[in-house]
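Chain by chain, the residues:
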Amino acid sequence: MPEPRGSLVDRHVGFVHALRAAGVPVSVAEGLDAAGAMRVIELADRESLRAAYAATLVKKPAYRPGFDVLFDLWFPASTTGLAAVRTDSRIDPATAELKELREHLAGLLTSSTDQELREFAQAMVERFGRQEAGPGRQNWFSYSVMRALSPETLMASILRNVLQGRERGGLAEKTVRQQVNTGIRRFEDAVATDVRRRIAEESGIERIARSAVRPPLDQIDFLRITKADLARLRREVYPLARRLAARLTIKHRKGRRGRLDFRKTMRASLQSGGVPLTTHFKPPRPHKPELVILCDTSDSVSSFAHFTLLLTYALREQFTKVRAFGFVDTVDEITRFFLPGSDVVEAMTRLANEADMVRFGRTNYGHSLERFAERYADALGPKTSLLILGDARSNYQPPALDVLKSLVSRTRSAYWLNPEPRQQWDTGDSVASEYGTVVPMSECRNVSQLTAFIETLA
Amino acid sequence: MFDSPADVTERLAAVDYLSDDAISTSVFLAAALGKPLLVEGPAGVGKTQLAKAVAMTTGAELIRLQCYEGLDEARALYEWNYKKQLLRIQATSDDDDIFTEEFLLERPLLKAIRADGPTVLLIDETDKADVEVEGLLLELLSDFQVTIPELGTIAATRRPYVVLTSNATRELSEALKRRCLYLHIEYPTPERERDIVLAQVPGLRAELAEQLARTVATLRALELKKAPSVAETVDWANTLLALGREELDEATVAGTLGVVLKHASDHERAAKELGLPDA
């Protein structure tokens, strides 16, 4: 495949293709919009170009990180390397002692423009990031840059400088820490970006582009989620819970406008000589959806469980009446940990320590369902929606289908969300299809599938 | 409307709206390409304010459609004045045409389409409206026209500058997004927030504004239920000014935290993480 080094049009087309390959849906019309934007903005201004592409092509924040990586590859910053640090003439990045470089970095971490930070990062990659990979070829690495400068170890001296004897451990320190941590992350990003650029120059943009872009947040598998992703997911889950609550409510409300308000209608008709032109209705009585959540909190689905607990917590805030139950091989009510207004992080910790969900530590759906029917069957009623979250893997124990059937028959509606890919259902100890015959089961591995599920409820 | 993104930055700053590269470029492109601009982001980062600032700096009339659940055509687009129509029928015996301009009640969308002067149409909190309203908007946003069965199609005499805002409580449809330019406004960097505070609260010392912006950034980094918005930072600045505080120390923060944090659990969390004394 030829390198997209030719005209601007080639580069534009290559960029759009790479975005699509990375999972950003760019329609033809949007590609044309972007091309149109190119005609009216100053192409030499790189940030303006980036903003123009973002405005026309990226319509969802989840796609933004991937977009930025690809943009930096297709439209790299000026490739000046060592000569770049002009903003501060006091040090020469090519020859300066490590100590001086670290001092300079410490200064940049507390206050710097993007430009200064980027230029310094480029110079540092040039100096520390290179490793010979054979005659005439070289590899570039960010970790060697980070190891040489180790920005994390700068914190102590920065704090000493900035606080200057003020009390430690308080607000001032916290604020500086936050500021420096943000600075370190920006520096890391700048280094990683420059390393990618150099690799792209050596071996071609397409090759690096494929491995450099992580999937967008809403397509990350719940079962393979990292801690950092979870924090960001939390923000995505709240609106979804609100939406789910609204969906379950609206469904009930449609087609019911409330009863005719006779007095109000007659009063209004006086204006038009006794003809009741405008009819007034009493506001419909609000429907109070009730929700019972049953979630698998075993280790095999621990990341998913973490997510489902988040969802539970968010739903708890939206619904008037939510009862949540966690199970591994026996079941316990966990509603009490999620009081509205309580702190979610704390609730999770308490939950892990106090709830009684584990007897032998191996998931047993059948046993859990039986216990649930015994102890908490009164939680279900004709107004209740039942939401089961789990992978339906029961360690070859009897599934207790009849129990589930009788439970479901008492509810208004029931749904099952399964975090495993559909292909893996019914393999090994999974009894997904059997449960699926009783409760409609949906694959729910990421936020976009959860969103889709909520939309189908309407 | 605008010459360049830099021109946008300058003119918005003149009406006290401090923009950044992304905002200026998007605002400029929306004008240059004649496309609606969809602005998303957390509550209180200045999405609505942006539309107001654009209207102010271009001398355009601002027409605002506030969306909510249950918003319908009659409230968004147009309505027939039934009472007047009925009275006309009763008053005159001849079969007068009662579907004319005279009986048409203009609602924000139609008003924006028919306006002669420059107009900024703000469709606020689009995500709050039902999906059907999006359908209603599609014709307007792609062709800048609306169709009234009894009167025919009314095309815009002069294209309004359209800004849609959304808090992203639900995903807007692909069709709608495709027709719009997209701008995601995040919380500003501490540097920009300091400048915003200084622009909004004259009389505040620059140093205190800096401290304020940094502290708010720290608060936002905590896992809070509701992170402080820019508007709340400005409120905080005003509070400090009113109280005559010169320094943002622990006691001051603890005493005035209610201005920026609106949940009891957020208060507890902030107090614990920042080591504040009991207020």
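All values reported here derive from a predicted model rather than from experimental measurement. (Residues numbered from 1 in each chain as written. Chains lettered and ligands numbered in written order. Predicted model: local features only at pLDDT ≥ 70, side-chain atom pairs only at ≥ 80, totals over all residues. Heavy atoms only, no water.)

**Student:** Quick question: what am I supposed to make of the overall build of chain B here?
**Tutor:** What chain B contains, in helices and strands, is 13 helices and nine strands. With respect to the three principal axes, the spread of C-alpha positions in chain B is 80 × 40 × 35 Å. A separation of at least 24 residues holds for 72% of the contacts in chain B among residues at least 6 apart in sequence. Accessible surface computed for chain B: about 12100 Å², of which carbon and sulfur atoms make up 50%. Side chains of chain B carry 30 positive and 48 negative charges; the gap between the two charge centres is 1 Å. (Helix = DSSP H or I, 4+ residues; strand = E, 2+ residues; numbered from the N terminus. Contact = heavy atoms within 4.5 Å. Areas by Shrake-Rupley, 256 points an atom, 1.4 Å probe, with all protein chains shown as cover. Lys, Arg positive; Asp, Glu negative; His and termini not counted. Charge placed at Lys NZ, Arg CZ, Asp CG, Glu CD.)

**Student:** Explain the packing of aromatic side chains here, please?
**Tutor:** Given two aromatic rings, one states the distance between the centres and the angle between the planes to describe the pair. Residue and element names in this part refer to chain A. With the rule as written, the count across this model stands at 21 aromatic pairs over all chains. Aromatic pair Tyr53 and Phe75: ring centres 5.5 Å apart, planes at 35°, arrangement tilted. Highlighted residues: Tyr53 in helix α3 (residues 46–57) and Phe75 in the loop between α4 (64–74) and α5 (98–110), separated in sequence by 22 residues. Grouping residues by exposure puts Tyr53 and Phe75 together as buried. By way of ring pairs, the aromatic residues Phe15, Tyr53, Phe67, Phe71, Trp74 and Phe75 are connected into one cluster. Positioned over the ring face of Trp140 is Arg198, at 4.7 Å from the centre of the ring. (Phe/Tyr/Trp six-rings, centres within 6.5 Å; stacked < 30°, edge-to-face > 60°. Buried < 20%, exposed > 50% of the residue type's maximum accessible area, 1.4 Å probe, protein only. Lys NZ or Arg CZ within 6 Å of the ring centre and 35° of its normal.)

**Student:** Got a minute to help me understand the nonpolar core in this structure?
**Tutor:** The nonpolar side chains of a soluble globular protein tend to be buried with one another. Phe15(A), Tyr53(A), Leu57(A), Leu70(A), Trp74(A), Val27(B) and Leu50(B) are the most contacted members of the largest nonpolar core, which has 55 residues in total. If we skip the residues at most four places from it in the chain, Phe15(A) touches Tyr53(A), Leu57(A), Phe67(A), Leu70(A), Phe71(A), Trp74(A) and Phe75(A). By size, the runner-up hydrophobic cluster in this structure holds 45 residues, among which are Ala324(A), Met348(A), Val447(A) and Phe453(A). (Core = buried A, V, L, I, M, F, W, Y, C linked by side-chain atoms within 4.5 Å.)

**Student:** In this structure, what is going on with the domain arrangement of chain B? I would like to understand it.
**Tutor:** You'll often see interface size given as the accessible area lost when the parts meet. Residues and elements named next belong to chain B. Under the domain assignment, chain B is made up of domain 1 (5–73 + 106–184) and domain 2 (190–274). One C-alpha centre belongs to domain 1, the other to domain 2; they are set 31 Å apart. Counting residues at the interface gives eight residues for domain 1, matched by eight residues for domain 2. Interface area, domain 1 with domain 2, both sides summed: about 600 Å², of which 53% is carbon and sulfur. When the buried area of domain 1 at its contact with domain 2 is split by residue, Asp16, Leu18 and Gly44 rank highest and sum to 67% of it. (Domains from an automatic or database assignment. Buried area = accessible area lost by both parts, 1.4 Å probe.)

**Student:** Sorry if this is basic, but what is going on with the sheet that holds strand β9 (residues 181–184) of chain B here?
**Tutor:** Backbone-to-backbone hydrogen bonds pair the strands of a sheet. The strands run either parallel or antiparallel. All names here are of chain B. The sheet built from five strands is open, its strands ordered β2-β5-β8-β1-β9 with parallel pairing. Two strands in the sheet have a free side with no partner beyond their single neighbour: β2 (61–66) and β9. Taken over all neighbouring pairs, the strand axes of this sheet differ in orientation by 20° on average, direction set aside. Here strand β1 (residues 37–40) runs beside strand β8 (residues 161–166); their pairing, made up of four bridges, is parallel. Paired with Leu37 across the strands is Val163, a residue of β8. Against the sheet, helix α2 (residues 21–33) engages β1, β8 and β9, with an angle of about 160° to β9. (Pairing = 2+ DSSP bridges. Axes fitted to C-alpha atoms, helices over the stretch in contact; angles between N-to-C directions.)

**Student:** Looking at this structure, I do not really get the sheet that holds strand β6 (residues 384–389) of chain A. What am I missing?
**Tutor:** Residues and elements named next belong to chain A. With respect to topology, six strands assemble into an open sheet ordered β5-β4-β3-β6-β7-β8, the strand pairing being mixed. At either end of the open sheet lies a strand with only one pairing partner, and these are β5 (331–333) and β8 (441–443). Averaged over all pairs of adjacent strands, the angle between strand axes in this sheet comes to 20°, irrespective of strand direction. Across seven bridges, strand β3 (residues 290–296) lies against strand β4 (residues 321–327) in parallel orientation. When the sheet's bridge partners are listed, Glu290 is paired in β4 with Lys321.

**Student:** Looking at this structure, how should I read the pairing of β3(A)?
**Tutor:** Successive side chains on a regular strand alternate, one facing one side of the sheet and the next facing the other. All names here are of chain A. With seven of seven residues buried, β3 lies mostly within the body of the structure. Side-chain alternation along β3 places Glu290, Val292, Leu294 and Asp296 on one buried face and Leu291, Ile293 and Cys295 on a second face that is also buried. Of the strand pairs in this sheet, β3 and β6 are connected by six bridges, and their pairing is parallel. Residue pairing across strands places Ile293 opposite Leu387, the latter belonging to β6.

**Student:** Mind showing me how you'd approach the confidence of the model for chain A here?
**Tutor:** Regions with low pLDDT should not have their predicted coordinates read in detail. All names here are of chain A. Confidence in the prediction of chain A, expressed as mean pLDDT, is 81, and 87% of residues score 70 or more. Segment residues 1–5 is flagged for pLDDT under 50; beyond a separation of four residues in sequence, or across chains, it makes twelve contacts in the model. Note on residues 81–85: pLDDT under 50 across the span, and 14 contacts to partners over four residues away in sequence or across chains. (pLDDT = per-residue confidence, 0-100.)

**Student:** Would you explain the interface of chain B and chain A in this entry?
**Tutor:** If you look at the interface, chain B gives 40 residues, while chain A gives 43 residues. Summed over both partners, the interface of chain B with chain A buries about 3500 Å², with 58% contributed by carbon and sulfur atoms. Across the contact surface, chain B and chain A share two salt bridges. Linking chain B with chain A are five residue pairs in polar contact (both at pLDDT 80 or more). The biggest single contributor to the side of chain B that touches chain A is α2(B), with eight residues. Class assignment of the residues belonging to the side of chain B that touches chain A gives a composition of 16 nonpolar, seven polar and 17 charged. (Salt bridge = Lys/Arg side-chain N within 4 Å of Asp/Glu carboxyl O. Polar contact = N/O pair within 3.5 Å; in protein donor to acceptor, adjacent residues only side chain to side chain. Nonpolar A, V, L, I, M, F, W, Y, C, P; charged D, E, K, R; others polar.)

**Student:** Whenever I open this one, the environment of Trp74(A) confuses me. Can you help?
**Tutor:** Residues and elements named next belong to chain A. Turning to its location among the elements, Trp74 is positioned in helix α4. Overall, Trp74 belongs to the buried group, its relative accessible area being 1%. With 135 residues separating them in the primary sequence, Trp74 and Ala209 have C-alpha atoms 9.3 Å apart.

**Student:** Please clarify how the packing of helix α2 (residues 28–40) of chain A against α3(A) should be interpreted in this entry.
**Tutor:** Helix packing for two helices is described by the angle between their axes and how far apart those axes are. Residue and element names in this part refer to chain A. Two elements in contact, α2 and α3, have axes whose closest approach is 8 Å; the angle formed by their N-to-C orientations is 155°. Taken together, the axes of α2 and α3 lie roughly antiparallel to each other. With respect to the hand of their crossing, α2 and α3 are arranged in right-handed fashion. Contact residues: α2 offers Glu30, Gly31, Asp33, Ala34, Ala37 and Met38, while α3 offers Leu49, Ala52, Tyr53, Thr56 and Leu57. Looking at the contact of α2 with α3 residue by residue, the class counts come to seven nonpolar, two polar and two charged. (Parallel < 35°, antiparallel > 145°, perpendicular 65-115°, else oblique. Left-handed = near helix turned anticlockwise from the far one by under 90°.)

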